[in-house]
Amino acid sequence: MKISSHAPIPELFVPEAEAERLKNAAGDMPSWDLTARQACDLELLMNGGFFPLQGFLTEADYNGVVENMRLADGTLWPMPVTLDVSEKFAGSVTHGSQIALRDAEGVILAVMTVSDKWTPDKAKEAIKVFGADDQAHPAVNYLHNIAGPVYLGGKIEGLQAPVHYDFKARRDTPNELRAYFKKLGWEKVVAFQTRNPLHRAHQELTFRAAREAQANLLIHPTVGMTKPGDVDHFTRVRCYEAVIDKYPASTTTMSLLGLAMRMGGPREAVWHGLIRKNHGVTHFIVGRDHAGPGKNSQGQDFYGPYDAQALFKSLEDEIGVKMVDFKHMVYVQEKAQYYPANEVPEGCTVLDISGTELRRRLREGLDIPEWFSFPEVVAQLRKTSPARDKQGFTVFFTGLSGSGKSTIANALMVKLMEMGGRPTTLLDGDVVRKHLSSELGFSKEHRDINIRRIGYVASEITKNGGIAICAPIAPYTATRRAVREMVEAYGAFIEVHVATSVEDCEKRDRKGLYKLAREGKIKEFTGISDPYEVPVNAELVLQTTGIEVDHCAHQVILKLESMGLIKG
Ligand code: PPS
């Protein structure tokens, strides 16, 4: 069904009386607490942002989307929007069951009638949708390590939209934006998608794109979920608000999109186009490496820099939104203005600051010139990125039992406390198991819960400017990575592998546990009868055999200094 850009888009909300009835009936339905990503997806399903989807994908639609970017009826839809659940929950529903979908506080947002339940081939989904089954891709990591093993599909009846307490006035549903464009008589609107703060080059390029398309401009940043490690959306929105005043009055507006990005490159660009179409937009800016996930585990880009533009262009008519390709804008010193990189006048000096360089300058409190970014934007970024030696961070020791983690961690803590400046907490394996995880054993499931708890506490300490030193065994790569992501949302994460061999640990056997493990008196003992996955990307590897504890701790101190986290 084609919808003109000004007519309302169908939503999935039911009338009030029906919503009331379903709310009352929901007490008897199996209840699913939505993950943060599912809550974002549900919001866009209900408000028409994901039109023509009527709910989370059915198996036939999912197969079509994975295979060839199309729903079972042939409609273009490049991204799986799936309700992943645990096996236990899946076991409680059958075909035709109604389930209550609730937010994190338990408020019911929608009822789904389950029409499909299946176990997806996740490796296949990763390869087809994201181009590789490589967990360096954030969405592939999500798929394998965060998403549940079973998918449920079915139609949604929307009861209420998720509540947001932040930037309420800046959030618009597709229909609110459509009505706004209609009211202002904006026939043509070009949208700019972003997950980064806007600097002057972006302002120039978006302004140019609008002029080229003779259209008004919608700055449409994603504030749902973006790439782990991005600038948080609170800071970004304050930056956008500072920039929006720099555009000629009444040409431009800004609205926040609660989308959970997948960083899916070309497929994601097409998805973004369809979502913007639903929001009443006629043109869409697609840049170099649009929604790029960064490097793969071989250190290469997942997608070619212009793959997204090529795919979008080939499907432009079907998407129903015209692509405006992004010009890389650079500052020309002699002219004191921005030019597209390919139109720089001969012999002129080009100035540019990369994202990495910007982060370095913020970290080290260095100058950020006005030609690069507006002072108001820089001020906002500085507020949330104090110089590195003032930020919180986490040192995460991992290694076998008896490898020396706790001893080195203790020595490190004392050295850091001697320096002073930031509160320091030691989350030692044994201590955590006494105070935080006393009910847990050593199965994979319990170890993962234990490590995630440590990660959560460490991330809170890091967020609040402290130093967390953790010293659990943490034998599983994926769990260590999950903790890294939790912490890196707020500060640096330094993984230190205490690489004492199992032979040496056993020789030392300070607690006598190896002996008991060999005798089979302790089951699932790491290194003897349970696995330890050796870290491959630790910031530091410590050998301990024949080396003083003091020296080991000092190596960590040197690492922290070299990262700018402490001043020597
Ligand atoms: S984990 O895997 O990260 O949750 O382990 P952790 O919380 O660090 O706990 C490890 C300490 O518990 C003792 N212990 C065992 N370790 C490994 N395997 C088994 N089955 C086991 N049972 C008890 C051991 O003393 C560990 O302490 P450290 O300080 O590492 O020697």
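Attention now moves to the sheet that holds strand 7 (residues 189-194). Ordered by their spatial adjacency, five strands build an open sheet running 9-8-7-10-11, and the pairing between neighbours is parallel. Only two strands of the sheet have a single partner each, and these edge strands are strand 9 (252-254) and strand 11 (322-325). The mean angle between the axes of side-by-side strands here comes to 30°, regardless of whether they run parallel or antiparallel. Inspection of the sheet shows strand 7 paired to strand 8 (residues 216-221) by six bridges, in the parallel sense. Bridge pairing in strand 8 links Val 190 to Leu 217. Set on the sheet, helix 10 (residues 265-278) makes contact with strand 7, strand 8 and strand 10 (283-286); between it and strand 10 the angle comes to about 155°.

Here helix 17 (residues 444-463) crosses helix 18 (residues 477-488) at 20°, and the two axes come no closer than 8 Å. Classified by the angle between their axes, helix 17 and helix 18 sit roughly parallel to one another. The element helix 17 and its partner helix 18 pack so that their crossing is right-handed. Each of Asp 448, Ile 451, Arg 452, Gly 455, Tyr 456, Ala 458, Ser 459 and Thr 462 in helix 17 lies in contact with helix 18, whose residues at this interface are Thr 479, Ala 482, Val 483, Met 486 and Val 487. For the contact of helix 17 with helix 18, the per-class residue count stands at seven nonpolar, four polar and two charged.

For the rest of this paragraph, the subject is the pattern of salt bridges. Side-chain pairs of opposite charge can arise whenever the charged atoms involved come near each other. Following the criterion strictly, the structure yields 31 salt bridges and no others. Measuring nitrogen to oxygen at the nearest pair gives 3.3 Å for the salt bridge that ties Arg 481 to Glu 485. Here Arg 481 pairs with Glu 485, and both are found in helix 18, just four residues apart, close to one helical turn. The partner of Arg 484 in a salt bridge is Glu 495, and the shortest N-O contact between them spans 3.2 Å. Here Arg 484, found in helix 18, pairs with Glu 495, found in strand 18 (residues 492-498); they are eleven residues apart in sequence, far enough to count as distant. Accessibility assignment for this pair places Arg 484 and Glu 495 in one class, buried. When salt bridges that share partners are traced, they join Arg 480, Arg 484, Glu 488, Glu 495 and Glu 539 into one network.

The next point concerns the domain arrangement of the protein chain. Domain boundaries assigned for the protein chain yield domain 1 (16-158), domain 2 (168-330) and domain 3 (388-562). If you average the C-alpha positions of domain 1 and of domain 2, the two centres end up 25 Å apart. Between domain 1 and domain 2, the residue contacts involve 31 residues of the former and 31 residues of the latter. Across the domain 1 to domain 2 interface the summed buried area is about 2500 Å²; carbon plus sulfur atoms make up 64%. Viewed at the interface, domain 2 and domain 1 are joined by two salt bridges. Ionic pairing is found between Glu 318 and Arg 70, a salt bridge with its closest N-O pair at 2.6 Å. Run the count over domain 1 and domain 2 and you get 13 residue pairs in polar contact (both at pLDDT 80 or more). Elements with a contribution of two residues or more to the side of domain 1 that touches domain 2: helix 2 (36-46), helix 3 (59-68), helix 5 (122-130) and helix 6 (138-145). Ranked by residue count, the leading element in the side of domain 1 that touches domain 2 is helix 2, at five residues. Each residue belonging to the side of domain 1 that touches domain 2 can be placed in one class, and the counts come to 20 nonpolar, five polar and six charged.

Cut-offs applied
- Residues numbered from 1 in each chain as written.
- Predicted model: local features only at pLDDT ≥ 70, side-chain atom pairs only at ≥ 80, totals over all residues.
- Heavy atoms only, no water.
- Pairing = 2+ DSSP bridges.
- Helix = DSSP H or I, 4+ residues; strand = E, 2+ residues; numbered from the N terminus.
- Axes fitted to C-alpha atoms, helices over the stretch in contact; angles between N-to-C directions.
- Contact = heavy atoms within 4.5 Å.
- Parallel < 35°, antiparallel > 145°, perpendicular 65-115°, else oblique.
- Left-handed = near helix turned anticlockwise from the far one by under 90°.
- Nonpolar A, V, L, I, M, F, W, Y, C, P; charged D, E, K, R; others polar.
- Salt bridge = Lys/Arg side-chain N within 4 Å of Asp/Glu carboxyl O.
- Buried < 20%, exposed > 50% of the residue type's maximum accessible area, 1.4 Å probe, protein only.
- Domains from an automatic or database assignment.
- Buried area = accessible area lost by both parts, 1.4 Å probe.
- Polar contact = N/O pair within 3.5 Å; in protein donor to acceptor, adjacent residues only side chain to side chain.

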